[in-house]
Amino acid sequence: CAQLAGYGPTDHGRRRMTAVPPLKPVLWDRDEAAAATGAIAYGDPWQATGVSIDSRSIEPGDLFIALRGPNNDGHRFAATALVAGAAAALVDHHPEGAPANAPCLIVEDTAAALWALAAHARARTGAQVVGVTGSVGKTSAKETLMACFEAAGLTAHGTVGNLNNHWGVPLTLARMPRATEAAVIEMGMNHAGEIAPLSELARPDVSLITTIAPAHLENFDSITGIAKAKAEIFAGQAPGTVAILPAETAEAAVLVTAAEQAGLTVRRFGVTTDCDYRLSSYTPGVDRSDVAIELAGQWMRVCLGVTGEHMAINATGVIGVCLALGLDADQVAPGLMRMRLMKGRGERRRIHLPTGPLLLIDESYNASPTAMTAALRSLGTIDPAAGGRRIAVLGDMLELGEEGPAFHAGLLKPLTEYGIDQVFTCGPQMQRLFDVLPDKMRGETRATSAELAPVVIERLRPNDIVMVKGSLGSGMALVIKTIESAGGPGPVLLEALQDAF
């Protein structure tokens, strides 16, 4: 569809107009925010159209909340935020450097006040709230849900980026407009006990767990502990509400048991015949895929704007959420067509090196054994053009505890199974993999991504397909930047498809 930006040329006798951005809704005024937090209000009345905890990104009209963190105290920047246009500052004392009559809400504990704002925002809206968690794929699921809700014509609100922790979740809720009809709240964790209070704050009407995998394993005795920690998302759900659970994931039975004990209605998604929402066929392309999904005896065929079977399974869970909220499959299908791979999470670009073109797959944001296997499987579905190879450039998968070395060496199996031609590695953990690679598969290994990047550039050929993946801390984004700067990045392959809808 086209978006009308104004009238036509002035020489046709019509006045040219410029697009005016829509007005932001008022989220908070002084009296409501003070009542919600128990604050003492100083200064003139005000209205806020946003909420921020970062003075560097303040927009005019934001309510700035000064949080005390392990490395910084937001109170040091409250006066700066007010100068930058903040409507008011929520603080535990009058900000140093601010005028005596500066608009402030003063509370005993600003972090507790943020949670109070979030609880008030959740209570005052009639929105249906979806809670999303999982070891892998939760951000992609969240983005897809947002696209589906918007395709269905709903006023949607959701987590921005990966603000999914004890500050990000209440911040997302505090930013939720009253008129929101559907909200998606992503919840993450590193330790047991972190998701339950987030769920109790968000009170999901539907929960979605994408998968359970060995991520953050160093903080748990076993993967069963991870499953139990993810199942804490049920803590804020009322009995009779719905949990959408992965059927084939590790410890699936743990999730089902926890949901049933919470009195929830369980719906399962995946590829097995006993799933409520089943991916029955998947046909990949370079930048999209065709899928068929069985929904309680009915069939849905749709073109996804991404490729990768793991993404198609994720989309099946998303459809389950939409159905649980009373939406029709036809309503949300355009949202699935608009699915996009986020930067660092599978985004694909044509890169034009002096020696010729190649396809670059950016998986540099994060990694776990499950996500690594899924990325390699997706790479294996793409056939290189003449002379090209499937190349994996891999950095360490972090936070795997004592089992880390075995998980890294174990990647030999999917590398072989999915026909990867060359493997480049960096980091002490990936050295375990490099040591067991057959000679024909060995590229090069280096200690760091900075050392590896120029070596990879030297070895690339025209028509290679290069997938770069590792945990964020392994710095694999540097390899992506090096490859892009060596030539010229082409358009993201999904642009043409997304612009068509």
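Basis of the calculations
- Residues numbered from 1 in each chain as written.
- Predicted model: local features only at pLDDT ≥ 70, side-chain atom pairs only at ≥ 80, totals over all residues.
- Heavy atoms only, no water.
- Helix = DSSP H or I, 4+ residues; strand = E, 2+ residues; numbered from the N terminus.
- Rg over C-alpha atoms; globule rule 2.2 N^0.38 Å.
- Buried < 20%, exposed > 50% of the residue type's maximum accessible area, 1.4 Å probe, protein only.
- Contact = heavy atoms within 4.5 Å.
- Areas by Shrake-Rupley, 256 points an atom, 1.4 Å probe, with all protein chains shown as cover.
- Salt bridge = Lys/Arg side-chain N within 4 Å of Asp/Glu carboxyl O.
- Axes fitted to C-alpha atoms, helices over the stretch in contact; angles between N-to-C directions.
- Left-handed = near helix turned anticlockwise from the far one by under 90°.
- Nonpolar A, V, L, I, M, F, W, Y, C, P; charged D, E, K, R; others polar.
- Core = buried A, V, L, I, M, F, W, Y, C linked by side-chain atoms within 4.5 Å.
- Parallel < 35°, antiparallel > 145°, perpendicular 65-115°, else oblique.
- Pairing = 2+ DSSP bridges.
- pLDDT = per-residue confidence, 0-100.
- Polar contact = N/O pair within 3.5 Å; in protein donor to acceptor, adjacent residues only side chain to side chain.
- Phe/Tyr/Trp six-rings, centres within 6.5 Å; stacked < 30°, edge-to-face > 60°.
- Lys NZ or Arg CZ within 6 Å of the ring centre and 35° of its normal.

## Overview of the overall build of the protein chain
Next up, step 1: Looking only at helices and strands, one finds 17 helices and 23 strands in the protein chain.
Next up, step 2: Taken over the C-alpha trace, the protein chain has a radius of gyration of 24 Å; the compact-globule value for 501 residues is 23 Å, and the two agree within 12%.
Next up, step 3: Principal-axis analysis of the C-alpha atoms gives the protein chain an extent of 70 × 65 × 50 Å.
Next up, step 4: Taking all 501 residues of the protein chain together, the buried fraction comes to 52%.
Next up, step 5: Sequence separation of 24 or more characterises 64% of the internal contacts of the protein chain that already satisfy a separation of 6 or more.
Next up, step 6: Summed over all atoms, the accessible surface of the protein chain reaches about 21600 Å², with 52% contributed by carbon and sulfur.

## Digging into the pattern of salt bridges
Next up, step 1: By the definition in use, this model includes 19 salt bridges.
Next up, step 2: We note a salt bridge from Arg349 to Glu484, for which the minimum N-O separation is 3.8 Å. Remark: Glu484 occurs in helix H16 (residues 477-486) and Arg349 occurs in strand S17 (residues 347-353); sequence separation between them is 135 residues.
Next up, step 3: Within the structure, one salt-bridge network assembled from shared partners comprises Glu32, Arg124 and Arg178.

## Digging into the packing of helix H15 (residues 449-459) against H16
Next up, step 1: At a minimum axis separation of 9 Å, H15 and H16 run at an interaxial angle of 35°. Considering only the axes of H15 and H16, their crossing is right-handed. Here Ser449, Ala450, Ala453, Val456 and Ile457 of H15 come into contact with H16, specifically with Leu478, Val479, Thr482, Ile483 and Ala486.
Next up, step 2: By residue class, the composition of the contact of H15 with H16 is eight nonpolar, two polar and no charged.

## Quick notes on the nonpolar core
Next up, step 1: Core analysis: the biggest nonpolar cluster contains 39 residues, and Leu145, Phe149, Leu304 and Leu336 have the highest contact counts within it.
Next up, step 2: If we skip the residues at most four places from it in the chain, Leu336 touches Thr144, Cys148, Met300, Val302, Cys303, Leu304, Gly305, Ala315 and Ile319.
Next up, step 3: The next biggest cluster of nonpolar side chains, apart from the first, holds 30 residues, and it includes Ala183, Ile195, Phe234 and Ala243.

## Let's talk about the environment of Ala147
Next up, step 1: Looking at where Ala147 falls in the secondary structure, it is placed in helix H4 (residues 138-151).
Next up, step 2: By relative accessible area, which is 14% here, Ala147 ends up buried.
Next up, step 3: Between the C-alpha atom of Ala147 and that of Leu67, which follows or precedes it by 80 residues, the distance is 32 Å.
Next up, step 4: Those residues in contact with Ala147 that lie beyond four places of it in its chain are Gly335 and Arg338.

## Focus: the packing of H4 against helix H9 (residues 309-324)
The angle between the axes and the distance between the axes are what describe a pair of packed helices.
Next up, step 1: Put simply, H4 and H9 touch, their axes get as near as 10 Å, and they point 50° apart. Viewed along their axes, H4 and H9 adopt a mutual orientation that is oblique. Crossing angle aside, the handedness with which H4 passes H9 is right-handed. Along the contact surface, H4 presents Ser140, Ala141, Thr144, Leu145, Cys148 and Phe149, while H9 presents Met311, Asn314, Val318, Val321 and Cys322.
Next up, step 2: Classifying every residue of the contact of H4 with H9 gives eight nonpolar, three polar and no charged.

## A word on the side chain of Thr249
Next up, step 1: Among the structural elements, Thr249 can be located in the loop between strand S12 (242-246) and helix H8 (252-261).
Next up, step 2: On the basis of relative accessible area, Thr249 is assigned to the buried category, the value being 12%.
Next up, step 3: For Thr249, the contacting residues outside a window of four places in its chain are Thr211, Ile212 and Leu255.

## Points about the sheet that holds strand S9 (residues 156-158)
Next up, step 1: Strand order across the open sheet formed by nine strands is S9-S10-S8-S11-S12-S13-S14-S15-S16, with mixed pairing between neighbours. Each edge of the open sheet is held by one strand with a lone partner, namely S9 and strand S16 (298-304). Along the sheet, successive strands turn relative to each other by an average axial angle of 20°, direction set aside.
Next up, step 2: One ladder, built from three bridges, connects strand S11 (residues 206-209) with S12; its direction is parallel. Bridge pairing in S12 links Ser207 to Ala243.

## Points about the pairing of strand S14 (residues 277-284)
Next up, step 1: Two elements, strand S13 (residues 265-270) and S14, share two bridges in a ladder whose sense is parallel. Looking across to S14, one finds that Phe269 is bridged to Tyr277.
Next up, step 2: Where S14 lies against strand S15 (residues 289-295), seven bridges are found, and the strand directions are antiparallel. Its bridge partner lying in S15, Leu279 is registered against Ile293.

## Quick word on the confidence of the model for the protein chain
Next up, step 1: Across the protein chain, the average pLDDT comes to 89, with 92% of residues at or above 70.
Next up, step 2: Here residues 1-21 scores under 50 on pLDDT; set against residues more than four positions off or in separate chains, the count is 13 contacts.

## Quick word on the side chain of Ser474
Next up, step 1: Looking at the secondary structure, you find Ser474 in the loop between strand S22 (465-469) and H16.
Next up, step 2: In terms of polar contacts, Ser474 uses its side chain to reach the backbone carbonyl oxygen of Ser471, at 2.6 Å.
Next up, step 3: Each residue touching Ser474, except ones within four places of it in the same chain, is listed here: Gly395, Asp396, Leu398 and Ser449.

## Quick word on the packing of aromatic side chains
Next up, step 1: For the coordinates displayed, the defined rule picks out zero aromatic pairs.
Next up, step 2: Positioned over the ring face of Trp28 is Arg124, at 4.1 Å from the centre of the ring.

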